Amino acid sequence: MDRSRYFDHAATTPVDAFVREAMMPFLGDDCGNAHSLHQWGLRAREAVEGARQAVARLLGAEDPSEVVFTSGATESNNTVLAAFDSVAVSPFEHSSVREPALSRGAWIMSNEGWTLSPPSPVELVSVMTVNNETGALLTMPECPGAMRHTDATQAVGKLAFDATAYDFVSCSGHKFYGPKGVGALFLRGAEPIEPLLRGGGQEHGVRAGTLNVPGIVGMGMAAELAHERRIHDFDHAVALRGALFAGIEPVPDCFVFSPEHASPYIVSLAFAGVQGESLVIELDRLGFAISSGAACSSGSTEPSPVLTALGLSEDLVRGAIRISFGRENTLESVESLAKNLAEAVLALRTLG
Ligand code: PMP
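These numbers were taken from a predicted model, which means no experiment stands behind them.

**Student:** Help me understand the overall build of the protein in this model?
**Tutor:** The secondary structure content of the protein amounts to 9 helices and 10 strands. Relative to the compact-globule value of 20 Å for 352 residues, the protein shows a C-alpha radius of gyration of 21 Å, a close match. Burial statistics for the protein: of 352 residues in total, 52% are counted as buried. Of the accessible surface of the protein, which amounts to about 15,700 Å², a share of 54% is contributed by carbon and sulfur atoms. Computing the positive centroid from 25 side-chain charges and the negative centroid from 42, the protein places the two 3 Å apart.

Laid out in structure tokens, this is it:
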């Protein structure tokens, strides 16, 4: 598999070789439980605390104790949403915010003019930092008196981030070259929150369960690397996005859904008259990985609620593809992707 042809980094990133190396001892001899009192336990504990510092630094947190490890952004989001009775969320949230919000009768904010107009004051407002389907940057509306949560899964490690602007922040390690199944929740001032998982009282009682030491160590190393490489990676993504746009420019009736001022890592677009899924399958045959939407909602036949909330027609929404960039993509691979995409669109339009 040629990883330069993998363009689905918003779904997940490959584990960095240094991350894998950092994790290996904790999958071998360093087998201790981070809460055990013997040497094995202490070594694990030390490694976990090192990772906590690295993640705190990447998030811009003031103190590592403000970071709690979870199984991923889904759990972090669910934990925050479940802890409040009255919640308002944006119409563009990932399903791991939208679904728990809806199950609690949350107020979905209006897309128009970005107003927060719940019928009565709310305790929590949740607005994601970067949308995972379009790369759009969202701003938190003024919400006097309410706690502020952001799902920063597509921003952390990619854009400059300042957790101190929020009360709660969610992120996942596998979106910045860490392993899958580990994430973090930032709690401002290390204020405890009602736990979703109760048990042994780990993570200051906010998240019970034996710590996933190898995963946490991997996320910590990934955070260190992301901190070092952020600006370089960002510039690389800007160059790749430019090459993609240049390559598809000659194709008629192409609609780009990503706003101009967006994360350079994600491009969402559609070619009129061509189904997104047909393009994904055709490009896969040619050795390229792209996506027809959020990976976690694939398999669903419902059109994307996020793109629908943008006011796009159902036809265009069904045509949407997402191309998301990463470290191992090259200008050559993106030019080749654009060329193959243009040819596939032409062929599918002729067939249709
Ligand atoms: N929020 C956003 C914006 C995401 O993109 C994702 C992953 N697709 C998640 C939350 C969930 O992350 P995880 O699957 O790692 O729990």
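**Student:** Sorry if this is basic, but what is going on with the pairing of strand β7 (residues 183–187) here?
**Tutor:** Looking along a regular strand, one sees side chains alternate from face to face of the sheet. Counting buried residues along β7, 5 of its 5 residues qualify, which places the element largely inside the surrounding structure. Side-chain alternation along β7 places Gly183, Leu185 and Leu187 on one buried face and Ala184 and Phe186 on a second face that is also buried. Inspection of the sheet shows strand β1 (residues 67–70) paired to β7 by 4 bridges, in the antiparallel sense. What sits directly across from Val67, in β7, is Phe186.

**Student:** Can you help me understand empty space enclosed by the protein in this one?
**Tutor:** Picture a little ball the size of a water molecule; that probe, rolled over the atoms, points out where space is still empty. With the rule as written, the count across this model stands at 2 cavities of 30 Å³ or more. The calculated volume of the largest cavity comes to roughly 50 Å³. Lining the largest cavity are His9, Thr13, Gly157, Lys158, Lys175, Phe176, Tyr177, Asp233, Tyr265, Phe325, Gly326 and Arg327. Residue classes in the lining of the largest cavity are distributed as 4 nonpolar, 4 polar and 4 charged.

**Student:** Explanation requested: helix α9 (residues 331–351) in the structure shown.
**Tutor:** Owing to its 3.6 residues per turn, the α-helix brings residues three or four apart onto one side. Counted at 1.5 Å a residue, the expected span for α9 with its 21 residues is 30 Å, and the 30 Å between its end C-alpha atoms agrees. Those residues of α9 not exposed but buried are Ser333, Val334, Leu337, Ala338, Asn340, Leu341, Ala344 and Val345. On its buried side, α9 packs onto α5 (213–248), β9 (266–271), α6 (276–285) and β10 (321–324).

**Student:** What exactly am I supposed to notice about the domain arrangement of the protein here?
**Tutor:** Interfaces are often described in size by the accessible area the parts lose on coming together. Entries for the protein in the domain assignment read domain 1 (3–11 + 230–351) and domain 2 (17–227). The straight-line distance from the C-alpha centre of domain 1 to that of domain 2 is 27 Å. Residue-level contacts link 26 residues of domain 1 with 25 residues of domain 2. In total, about 2,200 Å² of surface goes out of reach between domain 1 and domain 2, with carbon and sulfur atoms giving 56% of it.

**Student:** So what exactly am I meant to see when it comes to the sheet that holds strand β8 (residues 254–256) here?
**Tutor:** Read across the open sheet, the 3 strands follow the order β8-β9-β10; overall the sheet is antiparallel. Strands at the two margins of the open sheet, each flanked by one partner only, are β8 and β10. Taking the axes of each pair of neighbouring strands and ignoring which way they run, one obtains an average angle of 30° across the sheet. As paired strands, β9 and β10 are joined by 4 bridges and run antiparallel to one another. Each bridged residue has a counterpart across the sheet, and for Val267 the counterpart in β10 is Ile323.

Reading guide: rules and limits
Residues numbered from 1 in each chain as written. Predicted model: local features only at pLDDT ≥ 70, side-chain atom pairs only at ≥ 80, totals over all residues. Heavy atoms only, no water. Helix = DSSP H or I, 4+ residues; strand = E, 2+ residues; numbered from the N terminus. Rg over C-alpha atoms; globule rule 2.2 N^0.38 Å. Buried < 20%, exposed > 50% of the residue type's maximum accessible area, 1.4 Å probe, protein only. Areas by Shrake-Rupley, 256 points an atom, 1.4 Å probe, with all protein chains shown as cover. Lys, Arg positive; Asp, Glu negative; His and termini not counted. Charge placed at Lys NZ, Arg CZ, Asp CG, Glu CD. Pairing = 2+ DSSP bridges. 1 Å grid on protein atoms, 1.4 Å probe; cavity = no way out; pocket = protein on both sides within 12 Å on 5 of 7 lines; lining within 4 Å. Points joined across faces, edges and corners; volume = space filled by probe spheres on them. Nonpolar A, V, L, I, M, F, W, Y, C, P; charged D, E, K, R; others polar. Expected span 1.5 Å × (residues − 1). Contact = heavy atoms within 4.5 Å. Domains from an automatic or database assignment. Buried area = accessible area lost by both parts, 1.4 Å probe. Axes fitted to C-alpha atoms, helices over the stretch in contact; angles between N-to-C directions.

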